[in-house]
Amino acid sequence: MRKQPHFSSLRMDWKTPKAVYQVLDAEFGFDFDPCPPKPTFDGLAINWGGVNYVNPPYGRELPKWIKKGYEEWQKGKTVVFLIPSRTDTKWWHDYCMKASEIRYIRGRLKFDDQPNPAPFPSAIVIFRKE
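Fair warning: this is a prediction, and the values are worked out from it, not measured in the lab. Residues take numbers from 1 onward in each chain, read along the sequence in its written order. The predicted origin of the model limits local features to residues at a pLDDT of at least 70 and limits the giving and counting of side-chain atom pairs to 80 or more, whereas totals for whole chains, interfaces and linings rest on all residues. To obtain the side-chain values, all non-hydrogen atoms of the structure were included, while hydrogens and water were left out.

Enquirer: Explanation requested: the sheet that holds strand β3 (residues 101-104) in the structure shown.
Expert: Working definition: the strands of a sheet are paired by backbone hydrogen bonds and lie parallel or antiparallel to each other. Read from one edge of the open sheet, four strands run β1-β2-β4-β3, paired in mixed fashion. Only two strands of the sheet have a single neighbouring strand rather than two, namely β1 (51-54) and β3. Within this sheet the neighbouring strands show an average axis-to-axis angle of 15°, counted without direction. Any two strands with at least two DSSP-identified bridges between them are counted as paired. Here a strand is any run of E in DSSP of at least two residues, a helix any run of H or I of at least four, and the numbering for each starts at the N terminus. Pairing analysis gives six bridges linking strand β2 (residues 78-84) to strand β4 (residues 122-127), with the strands arranged antiparallel. The residue of β4 that forms the bridge with L82 is I124. Contacting β1, β2 and β4, helix α2 (residues 62-74) runs over the sheet at an angle of about 160° to β2. Helix axes use the C-alpha atoms of the stretch in contact, all axes being lines fitted to C-alpha atoms, and the angles between their N-to-C directions lie in the range 0 to 180 degrees. Every residue pair with non-hydrogen atoms within 4.5 Å of one another is taken to be in contact.

Enquirer: Would you take a moment to explain the environment of E101 for this structure?
Expert: Mapped onto the fold, E101 is located in strand β3. Between the C-alpha atom of E101 and that of R128, which follows or precedes it by 27 residues, the distance is 7.9 Å. Beyond its immediate stretch of four places on either side in the chain, E101 contacts I124, V125, I126 and R128.

Enquirer: Would you take a moment to explain the packing of aromatic side chains for this structure?
Expert: Two descriptors summarise a pair of aromatic rings, namely the distance from one centre to the other and the angle between the planes of the rings. For this analysis, a ring pair means two rings from Phe, Tyr or Trp (six-membered ring only for Trp) whose centres lie within 6.5 Å, classed as stacked if their planes differ by under 30 degrees, edge-to-face if by over 60, and tilted for the remaining angles. Counted according to the given criterion, the structure contains 16 aromatic pairs. Ring plane angle 85° and centroid distance 5.1 Å describe the contact between Y21 and Y53, whose orientation is recorded as edge-to-face. You can see Y21 sitting in helix α1 (residues 18-28) and its partner Y53 sitting in strand β1, a full 32 residues away along the chain. Per-residue accessibility, obtained with a 1.4 Å probe over protein chains only, is compared with the maximum for each type, and a residue is labelled buried under 20%, exposed over 50%, and partly exposed between these values. Look at Y21 and you get partly exposed, because its relative accessible area is 31%. For the pair Y70 and F127, a centre-to-centre distance of 6.1 Å together with 80° between the ring planes defines the contact as edge-to-face. Of this pair, Y70 sits in helix α2 while F127 sits in strand β4, and the two are 57 residues apart along the sequence. What makes Y70 buried here is its relative accessible area of 18%.

Here it is as structure tokens:
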């Protein structure tokens, strides 16, 4: 039996590990999630809250989420992203490198009920309200 390769592009909805969210929420006190697991709105088309937790879809739409988060930060909001560490991309250099802080996660995260770690490194990118 041939095994399927595990490429990150085959999956875009990586649910945040509870422990990761709890630690970040205790630090920041989130009041809004523009891309919850089952969205009933388009988080890219609305204004975000004051302190936002964002674990966006990891596919081709990811740069739009990063740009939107950067724009919300420019409006005086705090935005905390859990994203793949894609330091070789244009969007990483255009937006993430302007963040208040970047926390690189050692090792690979285990997302939701997956038995194996993600096939990519992750980072917490923080745009902190000034």
